[in-house]
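Residues per chain, in single letters:
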Amino acid sequence: MSGGTLPSGLPPVSLGTWQMWGRAASRSVREALDLGYRCVDTATGYRNEQAVGAGIRASDIERDDLLIVTKFPEEDAGREHETLSRSLDLLGVEYVDLWLMHGPLDAEGSLAVWRRFVEAREAGLVRAIGVSNFRPSQVDDLVARSGVVPAVNQVAFGPWYFDPALAPHHAALGIVVQGHSPFSENDLEHPVLRTTAERHGRSVHQVLLRWHLEHGVPTVAKAVSPAHLAANLTVNDFSLTPAEVTAIDHIADGARAGAVS
Ligand SMILES: NC(=O)c1ccc[n+]([C@@H]2O[C@H](COP(=O)([O-])OP(=O)(O)OC[C@H]3O[C@@H](n4cnc5c(N)ncnc54)[C@H](OP(=O)(O)O)[C@@H]3O)[C@@H](O)[C@H]2O)c1
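Residues numbered from 1 in each chain as written. Predicted model: local features only at pLDDT ≥ 70, side-chain atom pairs only at ≥ 80, totals over all residues. Heavy atoms only, no water.

What to know about the overall build of the protein chain
Scanning the protein chain from N- to C-terminus turns up 11 helices and eight strands. A compact globule built from 261 residues would reach a C-alpha radius of gyration of about 18 Å, and the protein chain, at 18 Å, matches this within 12%. Expressed as lengths along the three principal axes of its C-alpha atoms, the size of the protein chain is roughly 50 × 40 × 30 Å. For the protein chain, the proportion of its 261 residues judged to be buried stands at 49%. Relative to all contacts within the protein chain whose residues are 6 or more apart in sequence, the contacts with residues 24 or more apart total 74%. Taking the 22 positively charged and 32 negatively charged side chains of the protein chain as two groups, their mean positions are separated by 4 Å. (Helix = DSSP H or I, 4+ residues; strand = E, 2+ residues; numbered from the N terminus. Rg over C-alpha atoms; globule rule 2.2 N^0.38 Å. Buried < 20%, exposed > 50% of the residue type's maximum accessible area, 1.4 Å probe, protein only. Contact = heavy atoms within 4.5 Å. Lys, Arg positive; Asp, Glu negative; His and termini not counted. Charge placed at Lys NZ, Arg CZ, Asp CG, Glu CD.)

With respect to unusual backbone geometry
Of note, N133 is a non-glycine position whose phi angle comes to about 60°, a positive value. Mapping N133 onto the fold places it in the loop between strand 5 (126-132) and helix 5 (136-146). You will see that S181, though not glycine, has its phi angle at about 50°, which is positive. Topologically, S181 is positioned in the loop between strand 7 (176-180) and helix 7 (191-200). Note on S181: relative accessible area 19%, which makes it buried.

Examining the side chain of S181
Of note is the side chain of S181, whose polar atom sits 2.8 Å from the side chain of H180. If we ignore the near neighbours within four places in the chain, the residues touching S181 are N186 and V220. (Polar contact = N/O pair within 3.5 Å; in protein donor to acceptor, adjacent residues only side chain to side chain.)

Things to note about the packing of aromatic side chains
If you walk through the whole model with that rule in mind, you get seven aromatic pairs. Here F72 and F117 contribute two aromatic rings whose centre-to-centre distance is 6.0 Å and whose plane-to-plane angle is 75°, an arrangement assigned as edge-to-face. Taken as a pair, F72 in strand 3 (residues 67-72) and F117 in helix 4 (residues 107-122) lie far apart in primary sequence, 45 residues in all. Of the residues examined, F117 reaches a relative accessible area of 0% and is grouped as buried. Each ring, one from W99 and one from F117, has its centre 3.9 Å from the other, and the planes form 10°; the classification is stacked. Taken as a pair, W99 in strand 4 (residues 96-101) and F117 in helix 4 lie far apart in primary sequence, 18 residues in all. Accessibility expressed as a relative area gives 1% for W99, which makes it buried. Put simply, the rings of F72, W99, W114 and F117 pair up and form one aromatic cluster. If you follow R127 out to its NZ or CZ, it ends over the ring of Y95, 3.8 Å from the centre. (Phe/Tyr/Trp six-rings, centres within 6.5 Å; stacked < 30°, edge-to-face > 60°. Lys NZ or Arg CZ within 6 Å of the ring centre and 35° of its normal.)

In structure tokens:
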């Protein structure tokens, strides 16, 4: 069984809202929607669902044209129903498009939460269910125990973390990998990124978003600046060569080799 499908799939770039609060968050969400963003990513743990909901209502976007993603804090295991009800109330919506388990627990713990997720989907409170920060082995375990495949696994996918086996593993199961923290978790000064950006007349940020897309991975990127918001939407009008993609794949090899496992 699948964890559901998103009506139009995830767009190449969704709006991240971590560490945005209050009126500033509402304003950024509304500006992003006005610019063309159609997927907004929040979480119970971000403590901004009310502000995100206000930003959505301030825009002219029809609910059906928008994907709203929120996340359940795994430490709230046992309180899934109350937590989701509160997310819906704060966001001011009747359903969310994608509800993610923010992080894994041990196998039994993840399974117990996942069963409540399946119930929420069956009740129509969420359109699709997924996970976040799960390793492939944890995904395999959840699927084997529950028989329900997550629609999405939202992970830090950037070059610093790049695991060439992850996207093919998830694709074989029909799971969409969505990358989070494309900028904050990467070395923006790395010479390979800088020279690639110069070659294309783009910013390092745009190259990173494009690199995710070359791997078939949509991203969640946060920006407050309207210029950054707009720049991050313009990543479909250029492409990286296979050699450029491979060079970026390997920029953290030295650091990884030196890391303590
Ligand atoms: N599932 C999870 O566990 C998890 C974990 C972390 C994050 N996330 C999600 O992923 C989202 C993104 O991650 P993040 O918040 O860590 O930040 P990020 O998107 O990696 O980086 C945001 C920073 O990059 C800057 N920026 C954005 N676009 C830029 C551009 N084109 N040029 C120059 N600078 C640019 C922003 O500046 P300005 O704000 O000044 O524009 C901000 O300082 C989060 O907001 C959240 O929704 C999920």
